[in-house]
Amino acid sequence: MRDERICVLGLGYIGLPTASILATHGFKVFGVDKRKEILESLRCGKAHIKEPGLNTIVKAAVQSGRLVVNEKVCRADVFIICVPTPHNHVSPAGQFTGPLSREGSPFNRRGKKTADLSFVQQAAESIVSYLRPGNLVIIESTVPPKTVENIVMPILAKSKLRIPGDISIAHCPERVLPGNILHELVSNDRIIGGIDIESCRRAENIYASFTRGEIYLTDCATAETIKLVENAFRDVNIAFANEIEAICEHIGINAWEVIRLANRHPRVKILQPGPGVGGHCIAVDPWFLAQAAPAQARLVKTARTINDSKPWRVIAKITKSLAAARRRRVPLGAAGKKKSALLCLGITYKANVDDIRESPGLFIARHFLKRKNVELMIADPHAPKSDDLPFVDLEQGLKKADVIALLVNHREFLQVNWKKIISEKGHDFILDFKGALK
Ligand code: SAJ
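First things first, this report covers the structure right here in the doc. Keep in mind that this is a model prediction, so the values were computed, not measured.

Notes on the nonpolar core
Generally speaking, nonpolar side chains in soluble globular proteins are found buried as a group.
Phase 1: One finds V8, L11, L22, I80 and Y207 to be the most contacted residues of the largest nonpolar core, which totals 42 residues.
Phase 2: Ranked by size, the runner-up nonpolar core spans 38 residues in total, among them F79, I127, I163 and A290.

Here you go:
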């Protein structure tokens, strides 16, 4: 058992694995979340998130009595803030539900995307009255540069304690990949940015208890920027892949073949095109860099624009195929059947996860839900089921569909005998936006 008591605020994709791993490494951990329903299931040792290995570690942490979850913050030696930082898109209509633009992005002209720091602010406010000299506060949430200095420190200063001095503060951005969180939590290198060297060292001690990767110490603004740069790097590279796909389509060749063979060059490593970029990280974080340096972040904004507009290209292609399918059916004597049946395969933001945040697949499916001449069907063994979406069984959907759009390469979809289906129904029947069907 270790001496330090740790309070983790936010038991989501990052907070829950972090709290559980700290508890199984001997800390007394208090997990805090406002959502009563998830606390109930956690108390029974059951994770509310699907992630390989997570249930086992949550169960072990709860059953050992070292992870206790509650709605309220309590006194602790260390506070770790793991709450979400979504973007705050102010559209002309005042709402944002997915990629907006058809041709390029109107974000810069008509709207803007900035970080919604309200959860971070609320979390910081909630610990003020519990702070005592010697406490360490760690921010894991992804935030725009200088958030710790300009937003978090002034809130914590309300405690009337000296900062730095009485309280240590560090930013330790999470870097784990959904689908592989528990492995990466332990094996990835970690960046720790402190407001002073004491803060760095104290945070390092906490993470060194379970991290096998290297730990690098720096200042807060640098750590905040590093996290955003990592995700912008990936976004820019996916935008490049998506642009290659558009170029190849224009030329009339297969983009995935071009990329696969180009990647045989020792210094070329192109990522994969897809229906767009989703998730709560890569589709969001680059905007925080653009927010920090709007005139300088030109490539970052262009990449976001390319990736955000990709679902519209997908929608245009599906629409064309549906129209062709309808035309094909008329001479066959099925003119009475007005609707064409579209099967969307996958609505999560990527393969083999249950997360639908910022998902391009969901955005595309919802678009066709509104079309009167389309009968939409969705097959997704991983997505959370909801009554407003027409989920079908995979087999049933495959039989009924006039057009299939492969939007996410879940392992279950790759096991389908596509060769047989294509030989029966023809190549035009399936639109593969993931390059998964060789
Ligand atoms: N995607 C493509 N083509 C690719 C790779 C991904 O279209 O070649 C799409 C995916 O389908 C998905 C999106 O991009 O819609 C993002 O997926 P991802 O697997 O690249 O990344 P995330 O969002 O699941 O996790 C990222 C990771 N960041 C980096 O790899 C730099 C992870 O390490 C971060 O911890 C996480 O963001 C985060 O929380 O910031």
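From this point, the narrative continues.
Here's the deal with the sheet that holds strand β14 (residues 430-432)
Phase 1: Here we have 4 strands laid out as an open sheet, ordered β12-β11-β13-β14, and parallel in their pairing. Single-partner strands in this sheet number two, and they are β12 (374-379) and β14. Neighbouring strand axes in the sheet, compared pairwise and without regard to direction, differ in orientation by 20° on average.
Phase 2: Taken together, the 6 bridges between strand β11 (residues 340-345) and β12 define a ladder with parallel strand orientation.

Thoughts on the packing of helix α12 (residues 298-329) against helix α13 (residues 360-369)
Phase 1: At their nearest, the axes of α12 and α13 sit 10 Å apart, and the two run at 40° to each other. Classed by the angle they form, the pair α12 and α13 counts as oblique. Both α12 and α13 take part in a crossing whose hand is right-handed. Within the contact between the two elements, α12 uses P311, W312, V314, I315, I318, T319 and L322 and α13 uses P360, F363, I364, H367 and F368.

Describing empty space enclosed by the protein
Phase 1: The final tally for this structure, using the stated rule, is 3 cavities of 30 Å³ or more.
Phase 2: Taken as a whole, the second largest cavity holds about 40 Å³ of empty space.
Phase 3: Taken together, E245, W256, G274, K310, R313, V314, K317 and F433 make up the lining of the second largest cavity.
Phase 4: If you tally residues by element for the lining of the second largest cavity, the top one is α12, at 4 residues.

Notes on the side chain of D285
Phase 1: Mapped onto the fold, D285 is located in helix α11 (residues 285-292).
Phase 2: No salt bridge forms around the buried D285; measuring N to O, its nearest opposite-charge neighbour K227 is 4.7 Å away.
Phase 3: Excluding residues that lie within four positions of it along the chain, D285 makes contacts with T142, K227, L228, N231 and H280.

About the criteria used
- Residues numbered from 1 in each chain as written.
- Predicted model: local features only at pLDDT ≥ 70, side-chain atom pairs only at ≥ 80, totals over all residues.
- Heavy atoms only, no water.
- Core = buried A, V, L, I, M, F, W, Y, C linked by side-chain atoms within 4.5 Å.
- Buried < 20%, exposed > 50% of the residue type's maximum accessible area, 1.4 Å probe, protein only.
- Pairing = 2+ DSSP bridges.
- Helix = DSSP H or I, 4+ residues; strand = E, 2+ residues; numbered from the N terminus.
- Axes fitted to C-alpha atoms, helices over the stretch in contact; angles between N-to-C directions.
- Parallel < 35°, antiparallel > 145°, perpendicular 65-115°, else oblique.
- Left-handed = near helix turned anticlockwise from the far one by under 90°.
- Contact = heavy atoms within 4.5 Å.
- 1 Å grid on protein atoms, 1.4 Å probe; cavity = no way out; pocket = protein on both sides within 12 Å on 5 of 7 lines; lining within 4 Å.
- Points joined across faces, edges and corners; volume = space filled by probe spheres on them.
- Lys, Arg positive; Asp, Glu negative; His and termini not counted.
- Salt bridge = Lys/Arg side-chain N within 4 Å of Asp/Glu carboxyl O.

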